[in-house]
Amino acid sequence: MEQTFILIKPDGVQRALVGEIISRFEKKGFFLRGLKFTKADRPTIEKHYKNSIAKPYFDMLVDYMISSPVVAMVWEGKGVIAGGRKLIGSTDPLATMPGTIRGDFSIDIGRKIQHGNVIHGSDSLEEAKDEIALWFPEEERIVNWHSSLQPWIYE
Ligand code: UDP
Ligand code: MG
């Protein structure tokens, strides 16, 4: 089944949203396959956001992302890449719908180090593969398991 990479950003951790966010993914019917509480280093974040390197906000984005711990996760399920992005909402928290994680819990995208939109989710299969490989190297193997809830959620 499809897998995606989800990262609770520094503001999400500092604002005690870890449990709430994990709960939303669990309740939707996605399955946790990898979980790591860590403080990211600059090279990892620069690789993670390599497609944003030319953006005017890139340096501030990197400073924000290494300012405080994050929670890195792999989630699995049918359509989990697009479905995870739906749970998250769009990039600008004020513009996205209430009911989404960003829509419910944040205001500004990030003009200062402490501001952010709480969570990251891969936006394509290619990005998901790259990000899972970046954050969970081979030796930290993703746990292979099957939830007993699966037959109650998936046809
Ligand atoms: N970002 C920002 N200012 C902007 C746009 C994006 O600080 O004007 C940050 C924000 O944290 C966003 C991240 O850069 O989540 C990556 O941007 P992307 O366009 O990939 O948005 P996402 O995929 O996170 O919705
Ligand atoms: Mg993105």
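Residues numbered from 1 in each chain as written. Chains lettered and ligands numbered in written order. Predicted model: local features only at pLDDT ≥ 70, side-chain atom pairs only at ≥ 80, totals over all residues. Heavy atoms only, no water.

Q: Would you mind going over the nonpolar core in detail, with residue names and values included?
A: I21, F25, W75 and I119 are the most contacted members of the largest nonpolar core, which has 20 residues in total. Looking at this core, the elements that each hand over two or more residues are β1 (3–8), α2 (18–28), β3 (70–76), α5 (80–88) and α6 (101–105). The contacts of I21, once residues within four sequence positions are left out, are I8, I101, V118 and I119. Grouped together as the second largest cluster of nonpolar side chains are 17 residues, Y64, M65, I132 and F136 included. (Core = buried A, V, L, I, M, F, W, Y, C linked by side-chain atoms within 4.5 Å. Buried < 20%, exposed > 50% of the residue type's maximum accessible area, 1.4 Å probe, protein only. Helix = DSSP H or I, 4+ residues; strand = E, 2+ residues; numbered from the N terminus. Contact = heavy atoms within 4.5 Å.)

Q: How would you summarise the site of ligand 1 if you had to cite specific residues and measurements?
A: Contacts to ligand 1 come from eleven residues, most closely from K9, R85, T91, R102 and N117. Side-chain polar atom of R85 to an oxygen atom of ligand 1: 2.7 Å apart, as the coordinates give it. In this structure, an oxygen atom belonging to ligand 1 sits 2.9 Å away from a side-chain N or O atom of N117. (Near = heavy atom within 4 Å. Polar contact = N/O pair within 3.5 Å; in protein donor to acceptor, adjacent residues only side chain to side chain.)

Q: So what about the side chain of T44? Which residues, and what values?
A: Take T44: it is sitting in helix α3 (residues 42–48). The buried category is assigned to T44, whose relative accessible area is 17%. T44 has contacts with L134 and W135, leaving out every residue within four places of it along the chain.

Q: With reference to specific residues and values, describe the sheet that holds strand β2 (residues 31–38).
A: Pairing in this open sheet of four strands is antiparallel, and the strands run β2-β3-β1-β4 from one edge to the other. Since the sheet does not close on itself, it has two edges, and those belong to β2 and β4 (119–121), each with one partner. In this sheet, neighbouring strand axes are inclined to one another by 15 degrees on average, regardless of whether the strands run parallel or antiparallel. One ladder, built from three bridges, connects β1 with β4; its direction is antiparallel. Across the sheet, residue I6 finds its bridge partner in β4, namely G121. Each of β1, β3 and β4 touches α5; the most contacted strand, β1, lies at about 25 degrees to it. Strands β1, β2, β3 and β4 of the sheet are contacted by helix α7 (residues 125–135), whose axis makes an angle of about 60 degrees with β1. (Pairing = 2+ DSSP bridges. Axes fitted to C-alpha atoms, helices over the stretch in contact; angles between N-to-C directions.)

Q: How would you explain the pattern of salt bridges if you had to name every residue and give the values?
A: Side chains that differ in sign of charge can pair as their charged atoms come close. A full pass over the atoms with the stated rule returns six salt bridges. For R24, the salt bridge identified is with E20, shortest N-O distance 2.9 Å. Taken together, the positions of R24 and E20, both in helix α2 and four residues apart, correspond to about one turn of that helix. Looking at R24, the relative accessible area reads 21%, which means it is partly exposed. The exposure class of E20 is partly exposed, given its relative accessible area of 36%. Here R33 ties to E76 by a salt bridge, and the two come within 2.2 Å at their closest N and O atoms. Of this pair, R33 sits in strand β2 while E76 sits in strand β3, and the two are 43 residues apart along the sequence. (Salt bridge = Lys/Arg side-chain N within 4 Å of Asp/Glu carboxyl O.)

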